[in-house]
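Observations on the model geometry
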Amino acid sequence: MDIKLFFLGLCALFCIFRPLSAQSTCKLKAKFNLGGYKDVEKKTVVVGGMFPVHKRVASNKGNTSSVPLSSGCVGFNFRTFRWAQTMLFAIKEINARDDLLPKTDLGYVIYDSCFTISKAVEGTLTYLTGQDEAVPNYRCGDGAPLAALVGAGGSDLSIATARILGLYHFPQVSYCSTCSALKSKFQFPTFLRTIPNDEHQSTAMAKMVLHFGWTWVGSIAADDDYGKYGIKDFKDQVEQAGVCISFSETLPKVHSPEAIQRIVQTVIDSTAKIIVVFSSDVDLSPLISELLRNNVTNRTWIASEAWITSALISRPPGVSSILAGTLGFGVKRADIPGLQHHLLNLDPYADLLTEEFWETLFNCTLDYSKAMRMAKQRATYVNGTLSRTVTGLPDGLCTGQESVAQLNNTYSDISQLRITYSVYKAVYAVANALHNLEHCEPGKGPFVGKTCADINNFEPWQLMYYVKNVRFKMPNTGEEIFFNDGDVDGFYDIINWQVNNNGEISYVTVGNYNGSAAPENRMTIMNDSIVWNNDMLEPPRSVCSENCQPGTRKGIRQGEPVCCFDCIPCADGEISNTTDARECILCTGDFWSNAAHDACVPKLIEFLAFGEPLGITLIAISAFGALVTIAVGVLFIMHIGTPLVKANDTLLSFSLLFSLVVTFLCSIVFLGEPQHWSCMTSQVALALGFALCLSSIIAANDGSPDVIVTNTLHNDTSAPPIPEVDRLTPCTVWLIVLPPQPVKNTSGQNIKIILECDQGSVVFICCIFAYDILLALLAFIFAFIARKLEDYVSEAKCLTFSMLVFFIVWISFVPAYLSTRGKFMVAVQIFAILASSFGLLTCIFLPKCYILLIKPDRNKEELMKPRPKPKDGTSTGTSASLATTATEATIATTAIDD
């Protein structure tokens, strides 16, 4: 029994001491080094805050041989320090009010995130734990309940803290975290913000780029969620609208001179004149310094809300030369009464953060011993003794009475309270939510059983209900604040950086953007109020390639963005009537492109008109030829009883003259706009005219092949009859079956419509003119054979020469006709008709007219007789001797040689 009791006692002791042993193995792995403000004693509710008062953490050199320590922060930021002071001012103002939380005294815990995610996480864990030593998942102590966290600065900081706070359903109200990724309630269920979502800003930037017609822009973004998401949304929208991105660079979060120099060189090399920057002022500052060093001007910068009113960017000397004309979007601005008094009346000895602010602002130290050490280091020794400069108060010692108001500093500048106003709204949003929680009527509460939460002991998720449904008006401004799924309306002022009379940058509002308005009314820009880079009044052009004007089309350059193209002129017959046409339009039908290739115009109608100089000349020549021919006929009538005229067959002579008149006059029918009647008349008249003419010549030679022109007084009845040839039948068939008709020839010349006659059937017209050619050949053969007959007045040589002229003219006509186009083809044809007609008229009738008019003494009957035989008795055939065998009285008619 005793043994059993003994073992039971051992088991009890083991069970008791085991937890104690296990508990003793828990150790604090790290102690955070956080700076900030804290006032939680005797407070009803504690509000958290997080601000990037410093720009970065100090380097710890990566030493792993010793116990790691939480890094300190360096690079004091006066602008963000003002934000932190605004939260303190707002809590102080709320505690003094009787209409807002009258029975509740707000406390605060504010940490410096040092613009670093790790510090933001440290602050979040410490805040949730409730003590300086962070214990994850535990709330240590029994102090005032935590209300919400106002912060944590940049978007990437808020994303880190929101993931932790979301685990505990802890409300977070941000004042400057604009990243569009934070809108996801699945990932960040307790995140809200009093600054617009970057989706609005990206859309506003895209609309601005399109408003000014910029199609070639560069982009620079910070290497964080704020920059990446913002610039991505912007690029997606502008690229969809046809804008091209010349370059896209990322600003390093860790100082890297090589990366900054590479970005500057990219900006210099790019032809883009517009550069969109999504970055905080801290990340952008190194790039601005390098741009100044390289004197990169003639660029217009589009700024995001994070740096558009930042003195860190706009205040450095000489920055106006590169940033004047900058356009950007700023959140709502407001005046906060009493804030300036609070900012200018800080106690430098109140806490370490304010002490650092004071020392940084006035470049001195509040620590006397430290000031003495610094003075001794600067002192010069004279004969081994200290100079008098260190015998009194050291030069670097702050008195604590310095005037902040006398300094023109970012901290005290309240002319552009934009994000500061957003901080102010965030604190009031938490306070109004607490006010609604405190004044919940029992039995009408929003929770299970219509219960209410206790202001002195509530859960974070209970406050979250009131925060997301809060609706109130800000004091002094009257702006109504409410959250729509955690976001507020997207309203921005459009700000232009203009250089004032003092050579400094001033922020001038030149428009606004309201994301909740109708799409066509969202953006308002006063173009005339904008001063661009280099004081230009006109917006700069930023295009990779100038617009292709009407008459040209875009030619894409291989391997380059679509905004980079060549303007290729449209080909003949094609047009483009819009700017930046992708394809040229083919002119169809009776239309052709004009000289500028921007419109289809009716093609030129071409035909050999009566009224043009060439037409008038041809008419005059034709009329002259016809008149001369008629005159010859009249001359023959006047001398019809003379031997010379009687020696020629009168009927054949007048038939020949008539045919020549027809050929002269038919050439006129070829002129003018082709009509149905003219097309049928011209070729038929020409064919019949020449057929009659050549037939008349041959008919005069039907007695014998070696007799050229012989007229018998008494016809030889024994001569064989000449067969009749029906010349009209082929023409009639041709005109009935396939008549010539006017057509529009659009294939000969692109820019012209040639009005001409379509001959209908090529076979028919070839047959008809082949008949004329046959007649011409026969006439030439007869004349050629008879050229050596020894008549006194033989005209064989004249007929031979006339036929040679006829053949030369028409043989020359073929290549000349085929080598010409348009109306000149008709002119060549008319010239051939006139030349051959004048050749026949001249060669056949000129010698006769010469005798009739100039040598009438030779117009005698005896001269028409055959030549005498030679004395040697030899006989040579003559036209006269051959003629006497068929008739008793024969008079030979020949052409006189002279």
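Residues numbered from 1 in each chain as written. Predicted model: local features only at pLDDT ≥ 70, side-chain atom pairs only at ≥ 80, totals over all residues. Heavy atoms only, no water.

Below, the discussion takes up the packing of aromatic side chains. Each pair of aromatic rings is reported with the distance of its centres and the angle of its planes. Taken as a whole, this structure holds 30 aromatic pairs when the rule is applied. For the ring pair Phe-357 and Tyr-411, a centre distance of 4.5 Å and an interplane angle of 55° mean the geometry is tilted. Highlighted residues: Phe-357 in helix H12 (residues 352-362) and Tyr-411 in the loop between strand E15 (385-386) and helix H14 (419-438), separated in sequence by 54 residues. Seen in terms of ring centroids, Trp-497 and Tyr-507 are 5.9 Å apart; in terms of plane orientation they differ by 55°. Their pairing is tilted. Remark: Tyr-507 occurs in strand E19 (residues 505-514) and Trp-497 occurs in strand E18 (residues 491-499); sequence separation between them is 10 residues. Comparing Trp-497 with Tyr-507, the two get one shared label, buried. Put simply, the rings of Phe-76, Phe-78, Phe-81, Phe-357 and Tyr-411 touch in pairs and so form one group of aromatic residues. If you follow Arg-471 out to its NZ or CZ, it ends over the ring of Phe-482, 4.1 Å from the centre. (Phe/Tyr/Trp six-rings, centres within 6.5 Å; stacked < 30°, edge-to-face > 60°. Helix = DSSP H or I, 4+ residues; strand = E, 2+ residues; numbered from the N terminus. Buried < 20%, exposed > 50% of the residue type's maximum accessible area, 1.4 Å probe, protein only. Lys NZ or Arg CZ within 6 Å of the ring centre and 35° of its normal.)

Before going further, it helps to examine the environment of Ile-781. Locating Ile-781 in the fold gives a position in helix H21 (residues 762-785). A sequence separation of 22 residues divides Ile-781 from Met-803, and the C-alpha atoms of the two residues are 9.4 Å apart.

Here we come to the sheet that holds strand E30 (residues 752-758). Pairing is mixed across the open sheet formed by 3 strands, whose spatial order is E27-E30-E29. Edge positions in the sheet fall to strand E27 (604-606) and strand E29 (741-745), since each has one partner strand and no second. With direction set aside, neighbouring strand axes in the sheet form an average angle of 30°. Note that E29 and E30 share 5 bridges and pair antiparallel. Residue pairing in the sheet places Gln-741 in a bridge with Asp-758 of E30. (Pairing = 2+ DSSP bridges. Axes fitted to C-alpha atoms, helices over the stretch in contact; angles between N-to-C directions.)

Now for the nonpolar core. Counting residues in each nonpolar core, the largest one holds 104 residues, and the members touching the most others are Phe-234 and Leu-434. For this core, the element with the highest residue contribution is H14, accounting for 13 residues. Not counting residues up to four positions away in its chain, the partners in contact with Leu-434 are Val-45, Leu-101, Leu-106, Ala-147, Ile-455, Phe-458 and Leu-463. Core analysis: the second largest hydrophobic core is formed by 47 residues, Ala-626, Phe-690, Ala-776 and Leu-852 among them. (Core = buried A, V, L, I, M, F, W, Y, C linked by side-chain atoms within 4.5 Å. Contact = heavy atoms within 4.5 Å.)

On to a nonpolar patch on the surface. Together, Ile-773, Leu-774, Leu-777, Leu-778, Ile-781, Phe-784 and Ile-785 give the surface a local cluster of nonpolar side chains, amounting to about 600 Å² of exposed area. Here Leu-777 lies in helix H21. (Patch = residues over 30% accessible without salt bridge, like charges linked within 9 Å, V, L, I, M, F, W, Y side chains within 5 Å. Areas by Shrake-Rupley, 256 points an atom, 1.4 Å probe, with all protein chains shown as cover. Salt bridge = Lys/Arg side-chain N within 4 Å of Asp/Glu carboxyl O.)

A separate point is the confidence of the model for the protein. Considering every residue of the protein, the mean pLDDT works out to 82; 82% of them sit at 70 or more. Here residues 1-8 is modelled with pLDDT under 50, and outside its nearest four sequence neighbours on either side it reaches 0 contacts, counting other chains as well. Counting interchain partners and residues more than four positions distant, the pLDDT-below-50 stretch residues 703-724 has 41 contacts. (pLDDT = per-residue confidence, 0-100.)

Turning our eyes to something else, we now look at the packing of helix H18 (residues 650-669) against helix H23 (residues 823-853). One way to put it is that H18 packs onto H23 with a least axis distance of 9 Å and a crossing angle of 155°. Of the possible angle classes, the one that applies to H18 and H23 is roughly antiparallel. Regarding H18 and H23, the two cross each other, and that crossing is left-handed. Across the interface between the two elements, Ser-653, Leu-656, Leu-657, Leu-660, Thr-663, Phe-664 and Ser-667 from H18 touch Ile-830, Ile-833, Leu-834, Ser-837, Phe-838, Leu-840, Leu-841, Ile-844 and Phe-845 from H23. Tallied by class, the residues present in the contact of H18 with H23 amount to 12 nonpolar, 4 polar and no charged. (Parallel < 35°, antiparallel > 145°, perpendicular 65-115°, else oblique. Left-handed = near helix turned anticlockwise from the far one by under 90°. Nonpolar A, V, L, I, M, F, W, Y, C, P; charged D, E, K, R; others polar.)

So, about the pattern of salt bridges. Under the criterion given, the structure shown has 27 salt bridges. Among the salt bridges present, the one from Lys-425 reaches Glu-479, with a minimum N-O distance of 3.7 Å. Placement of the pair is Lys-425 in helix H14 and Glu-479 in the loop between strand E16 (471-473) and strand E17 (480-482), with a sequence separation of 54 residues. A single burial state applies to Lys-425 and to Glu-479, both of which are buried. Here the residues in one salt-bridge network are Asp-156, Asp-224, Lys-253 and Asp-283, joined through shared partners.

If a probe the size of a water molecule is rolled over the atoms, the empty space left behind becomes visible. Taken as a whole and assessed by the stated rule, the structure comprises 4 cavities of 30 Å³ or more. Looking at the largest cavity, its volume works out to about 220 Å³. Taken together, the residues of the lining of the largest cavity sort by class into 8 nonpolar, 8 polar and 7 charged. For the second largest cavity, the calculated volume is near 80 Å³. In terms of lining, the second largest cavity is formed by Arg-82, Thr-309, Ala-311, Arg-315, Thr-410, Asp-413, Ser-415, Gln-416 and Tyr-507. Across the lining of the second largest cavity, the residue classes tally to 2 nonpolar, 4 polar and 3 charged. (1 Å grid on protein atoms, 1.4 Å probe; cavity = no way out; pocket = protein on both sides within 12 Å on 5 of 7 lines; lining within 4 Å. Points joined across faces, edges and corners; volume = space filled by probe spheres on them.)

Evaluation of the coordinates by the stated rule reveals 9 disulfides. Note on cysteine connectivity: Cys-73 is disulfide-linked to Cys-114, with sulfurs 1.5 Å apart. Its torsion about the S-S bond being 85°, the disulfide of Cys-73 and Cys-114 is classed as right-handed. Pair noted here: Cys-73 is in strand E4 (residues 73-76) and Cys-114 is in the loop between strand E5 (106-112) and helix H3 (117-129), with a separation of 41 residues, a long-range link. Using a relative accessible area of 22% as the deciding quantity, one classes Cys-73 as partly exposed. For Cys-114, a relative accessible area of 0% gives the class buried. (Disulfide = S-S within 2.5 Å.)

By the burial criterion, the buried members of helix H15 (residues 460-468) are Pro-460, Gln-462, Leu-463, Met-464, Tyr-466 and Val-467. Residues of H15 that are buried in the fold lie against strand E6 (146-150), strand E7 (172-174), strand E8 (191-193) and H14.

As a further point, take the packing of H3 against helix H4 (residues 155-167). Running from N to C, H3 and H4 cross one another at 30°; their axes reach a closest spacing of 9 Å. Classified by the angle between their axes, H3 and H4 sit roughly parallel to one another. As for how H3 packs across H4, the hand of that crossing is right-handed. In this structure, H3 contributes Ile-117, Ala-120, Val-121, Thr-124, Leu-125 and Leu-128 to the contact, and H4 contributes Asp-156, Leu-157, Ala-160, Thr-161, Ile-164 and Leu-165. Of the residues contributing to the contact of H3 with H4, the split by class is 9 nonpolar, 2 polar and 1 charged.

In this section: the sheet that holds strand E20 (residues 523-525). Hydrogen bonds along the backbone pair up the strands of a sheet, which may run parallel or antiparallel. The strand order across the open sheet built from 8 strands is E10-E9-E11-E12-E13-E18-E19-E20, with neighbouring strands paired in mixed fashion. The strands lining the two open edges of the sheet, one partner per strand, are strand E10 (244-251) and E20. When the angles between neighbouring strand axes are averaged without regard to direction, this sheet yields 25°. Alignment of strand E12 (residues 300-303) against strand E13 (residues 327-330), held across 2 bridges, turns out to be parallel.

Take helix H7 (residues 257-269) next. Look at H7: 18 Å from first C-alpha to last across 13 residues, which is about the 18 Å you get at 1.5 Å a residue. On its buried face, H7 is in contact with strand E9 (216-222), E10, strand E11 (274-278) and helix H8 (281-294). (Expected span 1.5 Å × (residues − 1).)

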